[in-house]
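Letter by letter, the chains look like this.
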Protein chains: 2
Amino acid sequence: MVQPEMSIEPDFSRGTDGLLPAIAQSASTGEVLMLAWMNSEAYAETLQTGYATYYSRSRKRLWRKGEESGHRQAVRDIRIDCDADTILLSVDQQGAACHEGYPTCFFRKRTEEGWQIDQTRLVDPATLYDKPKK
Amino acid sequence: MVQPEMSIEPDFSRGTDGLLPAIAQSASTGEVLMLAWMNSEAYAETLQTGYATYYSRSRKRLWRKGEESGHRQAVRDIRIDCDADTILLSVDQQGAACHEGYPTCFFRKRTEEGWQIDQTRLVDPATLYDKPKK
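From a predicted model like this one, the values you see are computed outputs, not experimental measurements. (Residues numbered from 1 in each chain as written. Chains lettered and ligands numbered in written order. Predicted model: local features only at pLDDT ≥ 70, side-chain atom pairs only at ≥ 80, totals over all residues.)

Looking now at the overall build of chain A. A tally of regular secondary structure across chain A gives 1 helix and 9 strands. Ordered by position in the sequence, the α and β elements of chain A form the string β-β-β-α-β-β-β-β-β-β. Taking 14 Å as the expected radius of gyration for a compact globule of 134 residues, we find that chain A reaches 15 Å, a close match to that expectation. C-alpha extents for chain A along the principal axes are approximately 45 × 30 × 25 Å. Of all 134 residues assigned to chain A, the portion counted as buried reaches 42%. Look at the contacts in chain A between residues 6 or more apart in sequence, and 46% of them connect residues 24 or more apart. (Helix = DSSP H or I, 4+ residues; strand = E, 2+ residues; numbered from the N terminus. Rg over C-alpha atoms; globule rule 2.2 N^0.38 Å. Buried ≥ 20, exposed ≤ 12 C-beta atoms within 10 Å, placed from the backbone. Contact = placed C-beta atoms within 7 Å.)

Structure (structure tokens):
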């Protein structure tokens, strides 16, 4: 079933400081890679370039994901949720999504014995220029 | 590779009004179902009950997902991200995740012709007591 619904757009006015959460999911594996934030400018640049651009809350500027590490995200498709205040990107992740070198930022899983790391680093984070910048 | 890492916990102080984004992903299909918000109380109740409890920003109270619709989320596992400010739940979704009756809240996909709905409603939203309450 495909229904055109032209009028809806992400509603950045609903986000704190004009920022909406954006989830990046691997197009190939379905893994949730990371969550970052977009303002309207980051979203527009993502559409224009085809690569994920976020807004870094810590650096207070646009963050072209992979601009330092090379670990870019080619955007395959974009979804928004029912109330247009969350963005879901399906991406082809180049390299590691996480600045700590893991394939995803969600490498810690809760167990009865505490949080455990159940992913293996793809790269040594010391070799990445990328620093935490959400 | 499993490494215990006992000390980390979700850092609710990092969220606006003590709220962190929580992503619910289907344990069976890998689909991202929805994004909602948790405060420390919602998180604690989720751990205690094994069912996803969020904090409704519109209703300003805990939201036991499915409390009206019956569409609960049994939590299979919980992950946090690298900087401990996003929660990822793997869940068994009962019924429809979305209050609009779709299997996920991300039923709209961006195309060159505009946003299109590419999921089919599981239930008629008129039959749900659930109202938008994020």
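This part covers the relation of the copies chain A and chain B. Least-squares fitting of chain A to chain B yields an RMSD of 0.0 Å, with the superposition described by an axial translation of 0.0 Å and a rotation of 180 degrees. Taken together, the rotation angle and the small translation identify this as a two-fold axis. For chain A, the residue whose C-alpha comes nearest the rotation axis is G30(A), separated from it by 2.9 Å. (Least-squares fit on C-alpha atoms with pLDDT ≥ 70 in both.)

By size, the foremost hydrophobic cluster in this structure holds 64 residues, and its most contacted members are A22(A), I23(A), L89(A), A22(B), I23(B) and L89(B). Sequence-distant contacts of A22(A), that is, excluding residues within four places in its chain, are made with L35(A), A36(A), W37(A), M38(A), Y54(A), I87(A) and L89(A). (Core = buried A, V, L, I, M, F, W, Y, C linked by C-beta atoms within 7 Å.)

Moving on to the interface of chain A and chain B. Many authors give the size of an interface as the accessible area that is lost as the parts come together. At the interface, 41 residues of chain A touch 41 residues of chain B. Going through the elements one at a time, β1 (3-5), β2 (20-26), β3 (32-38), β6 (73-80), β8 (108-111) and β9 (114-117) of chain A are the ones with two or more residues in the side of chain A that touches chain B. Its residues assigned to classes, the side of chain A that touches chain B shows 20 nonpolar, 9 polar and 12 charged. Pairing of β8(A) with strand β6 (residues 73-80) of chain B involves 2 bridges; the strand directions are antiparallel. In the sheet register, K109(A) faces β6(B), and the bridge partner there is R79(B). (Nonpolar A, V, L, I, M, F, W, Y, C, P; charged D, E, K, R; others polar. Pairing = 2+ DSSP bridges.)

Our focus in this paragraph is the pairing of strand β4 (residues 53-56) of chain A. Residues and elements named next belong to chain A. In this sheet, strand β5 (residues 61-64) lies alongside β4 in antiparallel orientation, the contact comprising 4 bridges. In the sheet register, T53 faces β5, and the bridge partner there is R64. Hairpin geometry of β4 and β5 is characterised by an intervening segment of 4 residues between the two adjacent antiparallel strands and by a positive phi of about 55 degrees at K60.

Here the focus is the environment of S58(A). Structurally, the position occupied by S58(A) is in the loop between β4 and β5. On the basis of neighbour counts, which here come to 11 C-beta atoms within 10 Å, the residue S58(A) falls in the exposed class.

What follows covers unusual backbone geometry. A positive phi is found at A84(A), a non-glycine position, where the angle reads about 60 degrees. If you trace the backbone, A84(A) turns up in the loop between β6 and β7 (87-93).

Before going further, it helps to spend a moment on helix α1 (residues 40-49) of chain A. In an α-helix, one turn spans 3.6 residues, which is why side chains three or four residues apart end up on the same side. Residue and element names in this part refer to chain A. Every buried residue of α1 is listed here: A42, Y43 and T46. With its buried residues spanning 100 degrees around the axis, α1 presents them on a single face. Facing away from the buried side of α1 by over 90 degrees, the exposed positions are A44, L47 and Q48. G50 sits one or two positions beyond α1 and adopts a positive phi of about 80 degrees. (Arc of directions from axis to C-beta.)

What follows concerns the pairing of β6(B). Residues and elements named next belong to chain B. Bridge count for β6 against strand β7 (residues 87-93) is 7 bridges, and the pairing is antiparallel. Bridge pairing in β7 links Q73 to Q93. Here β6 hands over to β7 after 6 residues, with A84 in that stretch at a positive phi of 60 degrees.

When pLDDT drops low, the exact placement of atoms in the prediction is not to be read closely. Averaged over every residue, the pLDDT of chain A is 92; residues scoring 70 or more account for 91%. In the predicted assembly, ipTM is 0.92 and pTM is 0.92. (pLDDT = per-residue confidence, 0-100.)

The next point concerns the environment of P10(A). All names here are of chain A. Secondary-structure assignment places P10 in the loop between β1 and β2. In the structure, P10 is positioned 77 residues away from I87 in sequence and 7.5 Å away in space, judged by C-alpha atoms. The residues contacting P10, other than those within four sequence positions of it, are L20, Y43, I80, A84 and I87.

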